[in-house]
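# A structural walkthrough
Residues per chain are reported as follows:
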Amino acid sequence: MANQSPFLEAQSVSKIYPGKQSAGVKTTTLSIAQGKITAIIGESGSGKSTLLKMLYGLLSPDEGEVKFKGDRVWGPEEKLIPGHDAMRMVTQDTDGLNVFAKVWDNIAVLLPNTDVAAKEENTQRVLQQLNITRIADKQVTFLSGGEKQRVAIARALVTKPEVLLLDEPFNQVDTSFREGLQQDIRQIVKETGLTVIMVSHDPAEVLSMADELIVLKDGEILEAGHPKQLYQKPQNLYTARLLTGCNILNQSEAAVCGIHSDKEHIVIYPEWVRPTTSWTRKDWMIKQVLFKGSHEGLLVEKNEVTLRLLNDQPDKYQEGDKVHIKISRYLEF
Ligand code: ADP
Ligand code: MG
């Protein structure tokens, strides 16, 4: 029988920080698929960075083991240079860059001088992958935050690691830059088979980038799956809250919307609510119209219950208008 070890796995790992009760990561087991993007999402303090550091070998678990291709990942106490040799990590701080040196040198410096041609070729390769060839001769100090982040990722990839770990690296980057960088990383994964594990609390980012999504709460995995599945059918209110700016109602508020439930929380995503004027009974009032470019956000109110909804027919409604609403779906928790 073939003995296929999982690519990267954590087996019942815990890391509890001394002095703090229950802070850290608690007996967590997970398996990371090769050549895919796995995203870990959770509120601040849920243990995302701690888990990532254990996977990389920057932090030793109190209990349990991390294994890469069947071999134990050694912690910082057991290894001269912390971090697994086949992995690289990028965080939001780009302090590792030499701001006085050129982009090219910041990247090439990580490769040995024994093979100058390979050094040249590999540096060229990552510059292209990260779309920064045109700034190769610029000094890092003159770069934008987004460009610096690209250089940091190029540095991480130049030695051809098998795993790239990203700990909220796009936080300081403008939204417009961010999307380009996300697309480029997806492209690199597709072309090279790189495995990416990213930590984020930005729903737009994880939903568009991840092949597999892991939801972390208080140091434990709450649920995991494909982003679409977790978005459409979250098993927990916490997950829905992380992934969308949803309406969360109690029973009596839900009753105002015509939903009768015996659960504590009734969740309605903005896109599940549609306004209409074709009904005679228009019992909701438009309180606010929020222009979002391609669509509008509307706040509607009835009997002191406010719902946020999406309207893809901009300019149709004005504040004070009366509408009827149709709710196509809701979740109960
Ligand atoms: P996240 O990345 O999801 O924000 P972290 O993994 O950084 O969460 O932290 C998880 C919990 O552990 C938090 O409550 C945090 O305050 C605590 N923590 C993190 N690092 C340390 C540390 N070095 N010493 C003590 N507590 C820590
Ligand atoms: Mg963190």
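On a predicted model such as this, the values are computed, not experimentally measured, just so you know. (Residues numbered from 1 in each chain as written. Chains lettered and ligands numbered in written order. Predicted model: local features only at pLDDT ≥ 70, side-chain atom pairs only at ≥ 80, totals over all residues. Heavy atoms only, no water.)

## Some thoughts on unusual backbone geometry
The residue Thr27 is not glycine, and still its phi comes out positive at about 20 degrees. Within the secondary structure, Thr27 is located in strand E2 (residues 24–32). The phi dihedral of Asp315 falls on the positive side, at around 75 degrees, and the residue is not glycine. Tracing the chain through its elements places Asp315 in the loop between strand E16 (305–311) and strand E17 (322–327). By relative accessible area, which is 68% here, Asp315 ends up exposed. (Helix = DSSP H or I, 4+ residues; strand = E, 2+ residues; numbered from the N terminus. Buried < 20%, exposed > 50% of the residue type's maximum accessible area, 1.4 Å probe, protein only.)

## Quick word on the sheet that holds strand E18 (residues 331–332)
Strand pairing in a sheet relies on backbone hydrogen bonds, with the paired strands running either antiparallel or parallel. The strand order across the open sheet formed by three strands is E11-E12-E18, and the pairing between neighbours is antiparallel. Two strands lie at the open edges of the sheet, namely strand E11 (247–249) and E18, each paired on one side alone. Pairing of strand E12 (residues 266–268) with E18, which is carried by two bridges, proceeds in the antiparallel orientation. Bridging across to E18, Ile266 finds its partner in Glu332. (Pairing = 2+ DSSP bridges.)

## Some thoughts on the pattern of salt bridges
The final tally for this structure, using the stated rule, is 13 salt bridges. Among the salt bridges present, the one from Lys15 reaches Asp62, with a minimum N-O distance of 3.6 Å. With Lys15 in strand E1 (residues 8–16) and Asp62 in the loop between helix H1 (48–56) and strand E4 (63–68), the pair connects residues that are 47 residues apart, well separated along the chain. Judged by its relative accessible area of 15%, Lys15 falls in the buried class. In this structure, the salt-bridge partner of Glu78 is Arg72, at a minimum N-O distance of 2.9 Å. In this structure Glu78 comes out as partly exposed when scored by relative accessible area, which is 42%. (Salt bridge = Lys/Arg side-chain N within 4 Å of Asp/Glu carboxyl O.)

## Things to note about the environment of Gly225
Along the chain, Gly225 falls in strand E10 (residues 220–225). Spatially, the C-alpha atoms of Gly225 and Ile214 are 6.7 Å apart, while their sequence positions differ by 11 residues. With near-sequence residues (within four places) excluded, Gly225 lies in contact with Glu212, Leu213 and Leu230. (Contact = heavy atoms within 4.5 Å.)

## Comments concerning the layout of surface pockets
In this model, the largest pocket occupies a volume close to 320 Å³. Taken together, 15 residues line the largest pocket, and the ones lying closest to its centre are Met89, Val90, Ala152, Arg155 and Ala156. Taken together, the elements giving at least two residues each to the lining of the largest pocket come down to strand E6 (87–91) and helix H4 (145–157). Top contributing element to the lining of the largest pocket by residue count: E6, with four residues. Tallied by class, the residues present in the lining of the largest pocket amount to seven nonpolar, four polar and four charged. Lining the second largest pocket are 12 residues, with Ser44, Gly45, Ser46, Gly47 and Lys48 positioned closest to its centre. For the lining of the second largest pocket, the leading source of residues is H1, giving three residues. Considering only residue class, the lining of the second largest pocket consists of two nonpolar, seven polar and three charged. (1 Å grid on protein atoms, 1.4 Å probe; cavity = no way out; pocket = protein on both sides within 12 Å on 5 of 7 lines; lining within 4 Å. Points joined across faces, edges and corners; volume = space filled by probe spheres on them. Nonpolar A, V, L, I, M, F, W, Y, C, P; charged D, E, K, R; others polar.)

## Overview of the pairing of strand E8 (residues 195–200)
In terms of residue burial, E8 counts as a mostly covered element, since six of its six residues are buried. Residues of E8 alternate between two faces, with Thr195, Ile197 and Val199 on one and Val196, Met198 and Ser200 on the opposite face, all of them buried. As defined by bridge partners, strand E3 (residues 37–41) adjoins E8 across five bridges and the pair is classed as parallel. Looking at E8, one finds that Thr38 is bridged to Ile197. Relative to E8, strand E7 (residues 163–167) runs parallel, the two sharing five bridges. Its bridge partner being in E8, Leu164 is matched across the sheet by Val196. Between the parallel pair E7 and E8, the chain is carried across by helix H5 (residues 175–192), and the sense of this crossover is right-handed. (Right-handed = clockwise from strand over helix to strand, strands pointing away.)

## Considering the domain arrangement of the chain
Once the domains are mapped, the chain shows domain 1 (1–86 + 161–243), domain 2 (93–160) and domain 3 (247–332). Each of domain 2 and domain 3 was reduced to a C-alpha centroid, and the two centroids are 49 Å apart. (Domains from an automatic or database assignment.)

## Some details on the pairing of E7
With respect to burial, E7 is a largely interior element, five of its five residues being buried. Residue alternation in E7 divides its side chains into two sets, Val163, Leu165 and Asp167 and Leu164 and Leu166, and both sets are buried. Note: E6 against E7, five bridges, orientation parallel. Across the sheet, residue Met89 finds its bridge partner in E7, namely Leu165.

## Examining empty space enclosed by the protein
Taken as a whole and assessed by the stated rule, the structure comprises one cavity of 30 Å³ or more. Here the largest cavity defines a volume of roughly 80 Å³. Along its surface, the largest cavity is lined by 13 residues, and Ser60, Pro61, Val73, Trp74 and Gly75 are the ones closest to its centre. The element that contributes the greatest number of residues to the lining of the largest cavity is E4, accounting for three residues. When its residues are assigned to classes, the lining of the largest cavity shows six nonpolar, four polar and three charged.

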